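Observations on chain architecture
Here's the letter readout for the chains.
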Amino acid sequence: MRILFNSAVACALLLSASTSAFAPPNGRASSSVRAFGVRSALRSTAESSAPPSSTGVPDGINPEYAPLYQRKSRPEYVPGKISDPDYVRIFDTTLRDGEQSPGATLTSSEKLEIARMLAKLGVDVIEAGFPIASPDDFDAVRQIADVVGNEVFEDGYVPVICGLSRANEKDIKRAWDAVKGARRPRVHTFIATSKIHMETKLCKTPDEVVDIAVNAVTYAKGLGCEDIEFSPEDAGRSDPEFLYRILGEVIKAGATTLNIPDTTGWNMPWEFGGLIKMLRENVPGAENVVFSTHCQNDLGLATANSLAGAQNGARQLECTINGIGERAGNASLEEVVMSLALKGSTQFGGGPGTGKLYTAINPVHITPTSKMVAEYTGMKCQPHKAIVGANAFQHESGIHQDGMIKNKSTYEIMTPESIGLMRGDAQSGAGIVLGKHSGRNAVGTRLKELGYDLEPEKLNAVFARFKEVAEKKKGGLEDEDLEALVTDQAGLVNELWEVTGLHVSTGMSGIPTATVTMMGPDGVERYVAATGTGPVDAVYKAIDQITGVSVNLLSYSLASVTEGIQALATTRVMISPKTGGPNESLSTNAQSGITMEKKFSGAGSDTDIVVASARAYTSALNKLLSWNVRRKEMESQEEDDSVANSAISAGNAEVTVVGGHQP
């Protein structure tokens, strides 16, 4: 049994100043309470002339939920300083470190939508990407800086837009050019400082590393950047004495934020917290900068280490939505934020200020942002993921259910509504069964209850797929089926090719054969028959012939969304272009500096596993082809600009010769 949220009690709690606003109220809710979704994950990216609202209450939300959407106040932003020593800045690197997760490649439009959701969430800093990696990355960062970095909310809030660069002039100039259009631009530069990195990766002496770091910060400052973040990569395994030296020097050069990364997730919380304390006490000029943390999750301690850093004086915490990132991921934004919301006022004494730490994050937007990131990256959260996992607010044990009926606080330390997950009537057992006779309104309402507030065009696409599946699946569609269909349609944002027909012939004897029909970007249908080692292989070879791509299939997974022989199947694939092929897509890794082929993921759902496989593969190919189109457009534009600049230079030189003097 699932219990409704008592909105009246919740609002009373939220209107109080204490963190009890995140604790669940007691008792059962009135059946008159209606829950509406708060998700804008697939909304159009069309710009609005009006400034974003400071309340941000979605249309149709019950007025009793309005206090949940009130934006939090924060100190005025000043690089290198925070007027309130209890305030903790939240630095989100989902679009940079998060995208470095294998297969998590995002399109420019997807990055812009995520950036807008992060602004709605209220993060202080958005690290929008690694501009030097590729023309497309540069264009995406610049677009976010120009659009999101200039969208001022009614309360005056606008996020800092940050670009990452290695400690060299080319990288820094590229990063600055990408972010300088924002109202609050920042350049984040880094170089490794641990012995193993300096000796084996950089092949540099400590003195050389210090010089490179100082020159990098000095160069960024010379470009006009007043907000410079410096990171000593692998600080968690670096010699503290060397850190004192290099950090002191970059402060003199103009760094305003010192980010301390536990790059390999090596530290224990007490070790990392102790390191932050030592740096604050021993780095010359430490009082003139903001200390930051960036913790990887290799030992599952990223959130704990980040909070240990905050307890010892770090006032910027770097994290990602859903904890995605390199290897085992990063500190999870939702875990860090809700830990501070619930325990920040009581458990963080010892650092500067009163020890009553707080952020300006608006937690009600956590669930919509989490869903958007999961869908666009193709990286789903495990069901038991803290805060945003599918099971985080579900109770199956009889003992737990009994406790929840009597008092929700017995098993929930926060309400799902406080993070934007509206349980609603349907999740309490009063919902309708969605089948082939259900209408668009019923499907749309259930999606809203699940947290998906889709634009009409997107809803129509999902509803069309719903009707196709409902005709084949007896017993109606479960919530998981609906969410799979939303994911299936999310991959069509940059659709160039569409599978319009498919027929396979396979068995224990004979050669598996597939005939595939596809609609191309020119509106012409083409079909090809191909053979393979199995039906899916034959389908993929036919698609390759029609689209003209040359890729490697890196991974293929198939899972049933629900139980039973008629269950909906979801297929996920990851591809990369073949080196030297017609679709070669090279990108530079921010951490290693290695140039390699980009990876693209795709997902597809259907009751037929071959159709689901075809949809997933086509989704990934569309991402690859769209990325290449944008890259070629950027390269063409840069070439045109170069020719124009050369012509201007030649004209100036000719004038100088003819005139005999400088004009």
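What counts and how
Residues numbered from 1 in each chain as written. Predicted model: local features only at pLDDT ≥ 70, side-chain atom pairs only at ≥ 80, totals over all residues. Heavy atoms only, no water. Helix = DSSP H or I, 4+ residues; strand = E, 2+ residues; numbered from the N terminus. Buried < 20%, exposed > 50% of the residue type's maximum accessible area, 1.4 Å probe, protein only. Contact = heavy atoms within 4.5 Å. Areas by Shrake-Rupley, 256 points an atom, 1.4 Å probe, with all protein chains shown as cover. Phe/Tyr/Trp six-rings, centres within 6.5 Å; stacked < 30°, edge-to-face > 60°. Lys NZ or Arg CZ within 6 Å of the ring centre and 35° of its normal. Axes fitted to C-alpha atoms, helices over the stretch in contact; angles between N-to-C directions. Parallel < 35°, antiparallel > 145°, perpendicular 65-115°, else oblique. Left-handed = near helix turned anticlockwise from the far one by under 90°. Nonpolar A, V, L, I, M, F, W, Y, C, P; charged D, E, K, R; others polar. Expected span 1.5 Å × (residues − 1). Core = buried A, V, L, I, M, F, W, Y, C linked by side-chain atoms within 4.5 Å. Pairing = 2+ DSSP bridges. Salt bridge = Lys/Arg side-chain N within 4 Å of Asp/Glu carboxyl O.

**Looking at the overall build of the protein chain**
Scanning the protein chain from terminus to terminus reveals 17 helices and 16 strands. Within the protein chain, buried positions represent 55% of all 663 residues. Of all intrachain contacts in the protein chain linking residues separated by at least 6 positions in sequence, the fraction that spans at least 24 positions is 71%. Working note: accessible area of the protein chain is about 27100 Å², and carbon and sulfur atoms make up 53% of it.

**Some points on the packing of aromatic side chains**
Aromatic ring pairs are reported here in terms of the distance separating the ring centres and the angle at which the planes meet. One pass over the full model with this rule turns up five aromatic pairs. Ring centres of Tyr-87 and Tyr-358 lie 5.2 Å apart, and the angle between their planes is 65 degrees; this geometry places the pair in the edge-to-face category. Residue Tyr-87 is found in the loop between helix H1 (7–15) and strand E1 (89–92), and its partner Tyr-358 is found in the loop between helix H10 (333–343) and helix H11 (366–377); the two are separated by 271 residues along the sequence. Assessed through its relative accessible area of 28%, Tyr-358 is described here as partly exposed. For the ring pair Tyr-540 and Tyr-617, a centre distance of 3.9 Å and an interplane angle of 10 degrees mean the geometry is stacked. In this pair, Tyr-540 sits in helix H16 (residues 535–547) while Tyr-617 sits in helix H17 (residues 609–659), placing the two residues 77 residues apart along the sequence. If you follow Arg-71 out to its NZ or CZ, it ends over the ring of Phe-153, 4.1 Å from the centre. Note that Arg-174 overlies the ring of Phe-138, its terminal NZ or CZ placed 3.7 Å from the centroid.

**A few points about the packing of helix H7 (residues 240–253) against helix H8 (residues 269–282)**
Interhelical geometry of H7 versus H8 gives an angle of 45 degrees and a closest axis separation of 10 Å. Taken together, the axis directions place H7 and H8 in an arrangement best described as oblique. When the axes of H7 and H8 are compared, the crossing they make is right-handed. Of the residues in H8, those in contact with Pro-240, Leu-243, Tyr-244 and Leu-247 of H7 are Leu-275, Met-278, Leu-279 and Asn-282. Partitioning the contact of H7 with H8 into residue classes produces seven nonpolar, one polar and no charged.

**Observations concerning helix H14 (residues 456–472)**
An ideal rise of 1.5 Å per residue puts 24 Å on 17 residues; H14 measures up with 25 Å between its terminal C-alpha atoms. Leu-459, Val-462, Phe-463, Arg-465, Phe-466, Val-469 and Ala-470 are the residues of H14 that are buried.

**Thoughts on the nonpolar core**
Membership of the largest hydrophobic core comes to 90 residues, with the highest contact counts inside it found for Ile-90, Val-123, Phe-230, Leu-247, Leu-258, Ile-260 and Leu-279. When residues in this core are grouped by element, the largest group, eight residues, is from H7. Residue contacts for Ile-260: discarding those within four places in its chain leaves Pro-232, Ala-235, Leu-247, Phe-272, Leu-275, Ile-276, Leu-279, Phe-291, Ser-292, Thr-293 and His-294. Within the second largest apolar cluster, 27 residues are counted, among which are Trp-497, Met-518, Ala-538 and Leu-621.

**Considering the pairing of strand E8 (residues 316–319)**
Both faces of E8 are covered, namely the face carrying Gln-316 and Glu-318 and the face carrying Leu-317 and Cys-319. Alignment of E1 against E8, held across four bridges, turns out to be parallel. Paired with Asp-92 across the two strands is Cys-319, which belongs to E8. Examined bridge by bridge, strand E7 (residues 290–295) and E8 share three bridges and lie parallel to one another.

**A few points about the sheet that holds E1**
Within a sheet, neighbouring strands are paired by backbone hydrogen bonds and run either parallel or antiparallel to one another. Judged by pairing direction, the barrel is parallel, and its eight strands sit side by side in the order E1-E2-E3-E4-E5-E6-E7-E8 before closing back on the first. Averaged over all neighbouring strand pairs, the angle between strand axes comes to 25 degrees, with direction disregarded. Bridge analysis of E1 against strand E2 (residues 125–129) gives two bridges, and the strand direction is parallel. When the sheet's bridge partners are listed, Phe-91 is paired in E2 with Val-125. Packed onto the sheet, H7 meets strand E5 (228–233) and strand E6 (257–262) and runs at close to 165 degrees relative to E5.

**Let's talk about the sheet that holds strand E13 (residues 569–577)**
Read across the open sheet, the three strands follow the order E12-E13-E16; overall the sheet is antiparallel. Two strands in the sheet have a free side with no partner beyond their single neighbour: strand E12 (551–560) and strand E16 (600–606). With strand direction ignored, the average angle separating the axes of adjacent strands in the sheet is 20 degrees. Taken together, the seven bridges between E13 and E16 define a ladder with antiparallel strand orientation. Residue pairing across strands places Met-574 opposite Ser-601, the latter belonging to E16.

**Quick look at the pattern of salt bridges**
Side-chain pairs of opposite charge can arise where the charged atoms are in close proximity. This structure, assessed with the given rule, holds 25 salt bridges. We note a salt bridge from Arg-96 to Glu-127, for which the minimum N-O separation is 3.1 Å. A residue pair is termed long-range when its members are at least 10 positions apart, and Arg-96 in the loop between E1 and helix H2 (108–121) and Glu-127 in strand E2 qualify at 31 residues. Among the residues examined, Arg-96 registers a relative accessible area of 4% and is labelled buried. Accessibility expressed as a relative area gives 0% for Glu-127, which makes it buried. What you see here is one network of salt bridges that share partners, running through Arg-96, Asp-97 and Glu-127.

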